[in-house]
Structures are given as C-alpha cells and as structure tokens.
Amino acid sequence: MASEDKATGIPDDVASMWKTLDPAIRAALIASESKEAEDDKKEASGGGAEGRRAKASDGPRMDDTASKFIGGDSFTNRTSNPQWIKVRSDVYDAVKDRRQQELDAKVPVDIEVTMPDGKTLSADKEGNNYQAWRTTPFDVACTISRGLADSTCVARVTYSAFVSDYDLAEDGMDAVDTLADSMAELSVEDEADEKNKMTMLWDMTRPLVGSVSKMEFLKFDDENDARTVFWHSSAHVLGEALERLYGSRLTIGPPLAGGFYYDSYMGESGGDGAFKEDDYKPVEAEVQKIVKQKQKFERMVVTKEEALEMFEGNPFKEQIISTKIPDGTRTTVYRCGDLVDLCRGPHVPNTGRIKAFAATRHSATNWLGDTDNDSLQRMYGISFPDKKMLKVWKENQEKAKERDHRRIAIKQDLIMFHELSAGSAFWLPHGARIYNKLISFIKEHYWKRGYDEIITPNVYNLDLWHQSGHAMHYKDAMFCFEVEGKEWAMKPMNCPGHCLMFGGKIRSYRDLPLRFADFGVLHRNELSGALSGLTRVRRFQQDDAHIYCREDQIEDEVIGALDFMKSVYTTFGMTYKLELSTRPKKALGDKELWDRAEAALARAMDNFAGKGGWRENPGDGAFYGPKIDIKVMDAMERVHQCATIQLDFQLPIRFGLEYNTGIKEEGKQFARPVMVHRAMLGSVERMFAVLCEHYGGKWPFWLSPRQVMIVPVHKEWNEYCQEVRDRLHAEGFYADVDLSKATFQKKVRNAQVDQYNFQLVVGKAEVENGTVNIRTRDNKVEGEKKVEDLIAYLKEMQAEHK
C-alpha cells in the first residue's frame, strides 16, 4: 500500500505530482473545480440560460432548512378565475404607473442601428429618427418590411454603447436569474457571459437603450434561439390557461429542446387537483381564446418588495423571490392578459403569434426536483407559428412511437431490464449479436487506423478522481464504496486511467501519437427517475479512445478522427453537421496555446469539410480545451450528439505527463503532450437505441441479429434445410430453420415480421439442384441460387456493410 502525505492524506505518488505543478496552476485548477461543480449542480437541477442571464451561483441558494412543504392551502380545489388573479393585476398596474414615471424622465436620444450586411439605419419610413427609450426592434424591422417584423420572434442586438441615463441594475439586468436553479433544458445561449456583454436577446417591442452595432431578426424556422423564445412564450400562455381554468398555483414554466411545460401546485398528491388527459381539450380551447386576443407580452422591472406584494399567496414564487433576489435589487416580470409571472424574458410580441398549440402529456413531479418537497403537477405542450407545422409534428410523433427502441427491443427480444439492477440492460442473445457487431465494427477501424487497444481496471481509489478533478465534478454520479478504510469508486470514464498508463514509462517524441482505445465497462449513478431505456443507463460501454500527441500533430490527428467519424456514419446512412466550440470565459491554460489549438482545429475542419462546411460556436468549448461538436441526423431528421472530438490541455498537467523532445537545450528536454478525447459511437447502449429507431427495427444485413430464415415447403426437405443452415452458420451468418407445423405462407410471413433479411424457400427442385429460392423481408423474390453462390453473396454484403 502506498504511503501517504500526512498533510493531505493523499498517497505520495499522487501528492508528488501535485507538488510539481506551478502554484498558480494548482490554484486555478481548484478554483475551476469549484466553479464547475456549481455549474454542474445548476445543470443537474435544470439550470439554463436565456437572453442575458446572471449565473445561478450569483444569488443566494434556496433555504434548505425551511419547511419542505410550503404549498399548504394556497390551492384547495379547482376554481376558475380565482379572485387573486385580479388582486395581482391591480398590484401590477400600480407598479406600472411608477415605472412609467421613471420612463418619462428618460431623455430620448437619436441612435443608429446597423444591420448584419453593414447597412446603417437611423430613421423610419416617415423620416422619424430612431431614439433611445422610444424605438423598438419591431419599429426597425418595419422600416425594412412589415412582413419581416410580423415573422420575427426576437431580436439579437449588439450595442455599441448604452445611452448615459441607462442603468443595468435599474433595468433589472444585473439581477439574479430567479429561475436558473429550476429551469430545465434551455438552449438559448448566455449571450452576456459567454460571448459579449453588449450582445443580448431583446424583445421586439422593448425600447432600445443605445446605438446598435449589429441587429439580427431571428425567425422560428431559422434560429434555435428563436424557437426557444417562442416556446418560452407558449409556456406563459399555458400558465395563463391553467390559472384561468383551475386556479393553479404556478411554479416554473421553462422551454425545452422541443416544446415546454409548466409546473403547478394543485394540492396534495393524489387529490382532485391532479391533471388527467381529460384536461387537455379544455386547456387547448382556453389557449385558443388567449391566442385570438393577441395579448401583448409586457416587460416590467420590479423591486424585491414589489415582487413579494405581487405574488403574495403563491408560496413558491415567494420562496424564489425571498431567496434568490438580494435586498435592494430589482428583477423583471412579464404580463400577458391576466398572467403576471417572474421572468427574465425575452418573449414574442403577442400571443397571436402562436398559431398552433397542443397539450401533449402530463406527469407528477416535485418542487425543485426534491422528492421531500411538495408534489406538483406538470403539463407539457408544443406550439408552432403555423398549423401545418403542428400536423407534421404529430405525424412524426406517431412515427417515433412506432420506432421507439424500447418497443422494438421488446418485440424483437433484444434486451430486458430488471428492478434488481435498474438502469443496466440485460442483453439477450439477439441483442448481444448487434452489440458485439457494433464493437467489432469499431475494432476493425482501430486496426486499420493505428489504434492500440488496452484494458484498464473498473475500480480505483478515489484519489485518482481527486487528481483528475472528476471527484469535484461528478462524485454524486459515481458509485463509491469503502475498501480497507479507503474510499474507492467504479470508473465513470476512462481518461484518468489512460493518463496513468501514459505516465507509466518514459515517452519519446518518436512514440507519439499514442492512440489508446478502451471498451471498458463504465458506471454512472444516474437518478432512478432519469433512467430511460438505453438512452440513459447506469452501466454502459463507450468506444472510448485518447490520443496523446505533440502540438504539431493536432491537425493530422483531428483530420484522422473526422475521417473515422465520416466512415462510421456514412455506413449507418446518417448525415452530420460540424461545430467548432472555442475558448470559454472560464478556460484554463495559456491563451496562446488555445489560439494555436483552435487554429489547428479550424484548418483540420477546412481540410475535411471545406470552408463554409462547418460553423463556429464561440465560447462553448470545455474549460480544458476546444472541441468539435458532431451532430448527426437520423432517418426522422432528429439530431443526436454521439461522436465527439475534444482537446484537453489540463489532464496532462494534472498527471504530470511529459515526453522527451529529443532537444538537449536546458528547459526544452521535455514537453507536455496534448490529449485528444474522441468517441465515434459514444455510448454503445445509446447508439444501439439511436440505430434501432433510425432503422425502425429493420436492421441492415451486416448488423442484423436475424439474417436468414430457411423455410421448407414440406417436412420432407427439413434435413436439407438443416444442412444449409449449418453451412451458413459455419460461415458466420445468423441462420435459422422453421421446422414448425405452420403453413408455408405463414412461415414466410413470420420470418418477414421477425425482420429476417432473407427467407430461403426450399422445395423439391431446390433439393435436387443444391440451391435455395431467395426472398427478402420486403417480399421481393430474388430467385434461385446455388448455396455456395449465396454464401459468396452474403459475404460480400457483410464486408461492404450492407
């Protein structure tokens, strides 16, 4: 057993590595761990960003010592149009008068607005000058065309300067995002923190507060940010309907990657307030009334005291305000119709933009995601600016249900789950065939592309994860246990173990690049409520590989990885898009190194995809290095992020990795390698699910677990059929014989339903000729073939991955 550093309790070999690091680097790594841990907690609890948002960590946390149940009698039974809605509106109107007085005191100043094409606008069509505190993005859009204004969801503005009497704090823009700890799956960029403090999403009807160096008009069809804003506004409309119909006590209502939901307190769990499917049509009808009214989305700044008065009686909003908004600061609310809600925005101009709406499902949840808190009711919805879009969406949802991997896996007898090992799949024989084939497919590429397969332990002393930084970030998601008084854990990823292997001997520049590939079993302690088929599991394998290379080798290694990725997804019949995610604000390491690495990645992507064949995602890289995000599209045009290529400058520092440069000059004898994390499939389990749905259960021959079914026309030919089956099996094909008493037609039909790629029909003529008669699963008759010719044909299909 390794001795320990008495001051730290860390084994000597680990502690010595830490001691060799520059103190500033150690401090930065520790600070980054703390910051990342906060961000991870925010993400785990549904934190997100919209428009110009403050970080969740900027404000006080919810009071964990307070009573877990706060809903009480704020909701007792379903009541339409409860009196408290009017009380809240009256408070809003009173506060609005105060804000109007503040606005009236502002001095309108002439401003200019520059469009993305460089054209500068300074007046509307009537010649009226644009002015701060008066002109809105909607006004600017109307200068170009009314159609543009009416089709735009939100503006993205980059201010060149604010006017002198604009104050961020007064406008509620410096406030903590009151919903950041609770809002889930937001996909709007944090424009202020990650890109430029002067760039932000801006309501189309909100007056500008300075000259704009760039104004973009974002439409639903073109921009993810626009869709997220649209669905956020739709969530408010859903919330208004729930208040009107049932007197729901609203909590949070965020947009999602594809839709939105609203959580409501509807009394104690199991009470009459719980949602049911019968509620969908009344909700949709109420939403239609709200849409027809074309209610304006109105933004207003409020003080903490005003917010508490406005939301008196809603204990959930009161808790958010009390704990998240510092005394003496301001935040914002939005009103549409009767609804007033805490919100940072932005929103679409009015409810009339929402042309199509559907309530999609409901579920029970808990306040702040804690099962010890009040039970809430969640209703999900989807909306579009065009009714045709909703029709297409519903059709695709039906297709998705038919292609759901959980349904197909059960029907085809591929996997099973059991409560005694929740989140870990049991791979049945036919499922294991596909699983192993995927692994073999990647291993074939490894052999051709110069990768070395390695095998690493499944469990490690937790000191390894402290050294790598993962303990700070991911310990809650690790399976930890005690061994002889020490804390150990099952590995959730392979990279730290690979670093130990690299550092296990002296490396020369001639050894690089080293490409370590590892299909080791990984475990992550996912919450039981988050487990979902094969897309979120606790036990999985990755086609995980790490490349250790010199800085001058980055470009070639990335091109090689991209070519690997292209070959894999072309084989699967899937398309892809590439994004380069660059240096984030919280990045560690020398900026010049980042710049060189990003330039190398850009050159590699230009070389691979051509200029314009990829897009940049500024500020979205990992803190340890830039990365290439690879988004693949399946047969239903759904986007999946499975493959990844990431540069890592930090793990080589943490593990003190070096290689001999061959240079004898003092101080240049050794250099740190650059580490490239890359995966093509990602999790094999998740890729299995993606491919299952991509193919709709109709596996291509090379991947199919049921390739050939031999069907005798009469039992007289059973022996010959068995001989053919044995020959095919000896050649490595999955072949079966149907010796049941079913009719010939029934046997063929069963084989087609079971997704056998081929049915080989055998009668008297086939037996006499040493042949089989081939049919496909789509009932196409391909005719008679000699058995040896069939084997050659199938081998060709297998080799070409058809």
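Coordinates for the structure precede this section.
Residues numbered from 1 in each chain as written. Predicted model: local features only at pLDDT ≥ 70, side-chain atom pairs only at ≥ 80, totals over all residues. Heavy atoms only, no water.

K.L.:
Can you help me understand helix α3 (residues 83-104) in this one?
P.N.:
Structural remark: α-helix, 3.6 residues per turn; residues separated by three or four positions point the same way. The first and last C-alpha atoms of α3 sit 32 Å apart over 22 residues, in line with the 32 Å expected at 1.5 Å per residue. The set of residues buried in α3 consists of Ile85, Arg88, Ser89, Val91, Tyr92, Val95 and Arg99. An end-on view of α3 places all buried positions within 165° of arc, on one side of the element. Residues Gln83, Asp97, Gln101 and Asp104 are exposed on α3 and point more than 90 degrees away from its buried face. For α3, the elements touching its buried residues are α7 (224-246), β11 (298-303), α9 (304-310), β12 (330-336) and β13 (339-342). (Helix = DSSP H or I, 4+ residues; strand = E, 2+ residues; numbered from the N terminus. Expected span 1.5 Å × (residues − 1). Buried < 20%, exposed > 50% of the residue type's maximum accessible area, 1.4 Å probe, protein only. Arc of directions from axis to C-beta. Contact = heavy atoms within 4.5 Å.)

K.L.:
When you look at the packing of aromatic side chains in this model, what are you seeing that I'm missing?
P.N.:
Here a ring pair, both rings aromatic, is described through the centre-centre distance and the interplanar angle of the planes. Throughout the structure, instances matching the rule amount to 33 aromatic pairs. Ring geometry for Phe220 versus Phe230: centroids 5.0 Å apart, planes at 70°, classification edge-to-face. Of the two residues, Phe220 is situated in the loop between β7 (210-219) and α7 and Phe230 in helix α7; the sequence distance between them amounts to ten residues. Neither Phe220 nor Phe230 differs from the other in exposure class; each is buried. Ring geometry for Phe441 and Trp702: centres 5.0 Å apart, planes at 50°, overall tilted. Placement of Phe441 in helix α13 (residues 429-449) and of Trp702 in the loop between α20 (684-695) and β32 (708-712) is noted, with a sequence separation of 261 residues between them. Each member of the aromatic cluster is reached from another via a ring pair, and the members are Trp133, Tyr159, Phe162, Tyr166 and Trp202. Just above the ring of Tyr246 sits the side chain of Arg78; from NZ or CZ to the centre is 4.3 Å. Just above the ring of Trp84 sits the side chain of Arg249; from NZ or CZ to the centre is 4.1 Å. (Phe/Tyr/Trp six-rings, centres within 6.5 Å; stacked < 30°, edge-to-face > 60°. Lys NZ or Arg CZ within 6 Å of the ring centre and 35° of its normal.)

K.L.:
Mind showing me how you'd approach the sheet that holds strand β19 (residues 459-461) here?
P.N.:
The strands making up a sheet associate through backbone hydrogen bonding, with each pair oriented either parallel or antiparallel. The strand order β19-β21-β20 describes an open sheet built from three strands, whose pairing is antiparallel. Each end of this open sheet is capped by a strand with a single partner; those strands are β19 and β20 (480-483). Adjacent strand axes in the sheet meet at a mean angle of 35°, parallel and antiparallel pairs treated alike. Examined bridge by bridge, β20 and strand β21 (residues 486-490) share four bridges and lie antiparallel to one another. The residue bridging Val483 from the neighbouring strand is Lys486, located in β21. (Pairing = 2+ DSSP bridges. Axes fitted to C-alpha atoms, helices over the stretch in contact; angles between N-to-C directions.)

K.L.:
Where do I start with the packing of helix α17 (residues 554-572) against α20 in this structure?
P.N.:
The relative placement of two packed helices is expressed as an angle between their axes plus a distance between the axes. Put simply, α17 and α20 touch, their axes get as near as 11 Å, and they point 40° apart. If you check the angle between α17 and α20, you find them oblique. Two secondary-structure elements touch here, α17 through Tyr569, Thr571 and Phe572 and α20 through Met687, Leu691, His694 and Tyr695. Looking at the contact of α17 with α20 residue by residue, the classes come out as five nonpolar, two polar and no charged. (Parallel < 35°, antiparallel > 145°, perpendicular 65-115°, else oblique. Nonpolar A, V, L, I, M, F, W, Y, C, P; charged D, E, K, R; others polar.)

K.L.:
When you look at the side chain of Lys627 in this model, what are you seeing that I'm missing?
P.N.:
Note that Lys627 resides in strand β27 (residues 627-633). Non-local contacts of Lys627, meaning those with residues more than four positions away in its chain, are made with Glu579, Leu580, Ser581, Leu601, Asp620, Gly621, Ala622, Ile645 and Gln646.

K.L.:
Hey, could you run me through the pattern of salt bridges in this one?
P.N.:
Two side chains carrying opposite charge are able to pair once their charged atoms lie near each other. Applying the stated criterion across every chain yields a total of 50 salt bridges. One salt bridge in this structure joins Lys611 and Asp606, with 3.2 Å as the shortest N-O distance. Here the salt bridges share partners, and the residues they tie into one network are Arg98, Arg99, Glu102, Glu306 and Arg330. (Salt bridge = Lys/Arg side-chain N within 4 Å of Asp/Glu carboxyl O.)

K.L.:
Sorry if this is basic, but what is going on with the environment of Gly589 here?
P.N.:
By the secondary structure assignment, Gly589 is in the loop between β25 (575-581) and α18 (591-609). Classification of Gly589 by relative accessible area gives partly exposed; the value is 43%. Put simply, Gly589 and Ile653 are 64 residues apart on the chain and 9.8 Å apart in space, counted from C-alpha to C-alpha.

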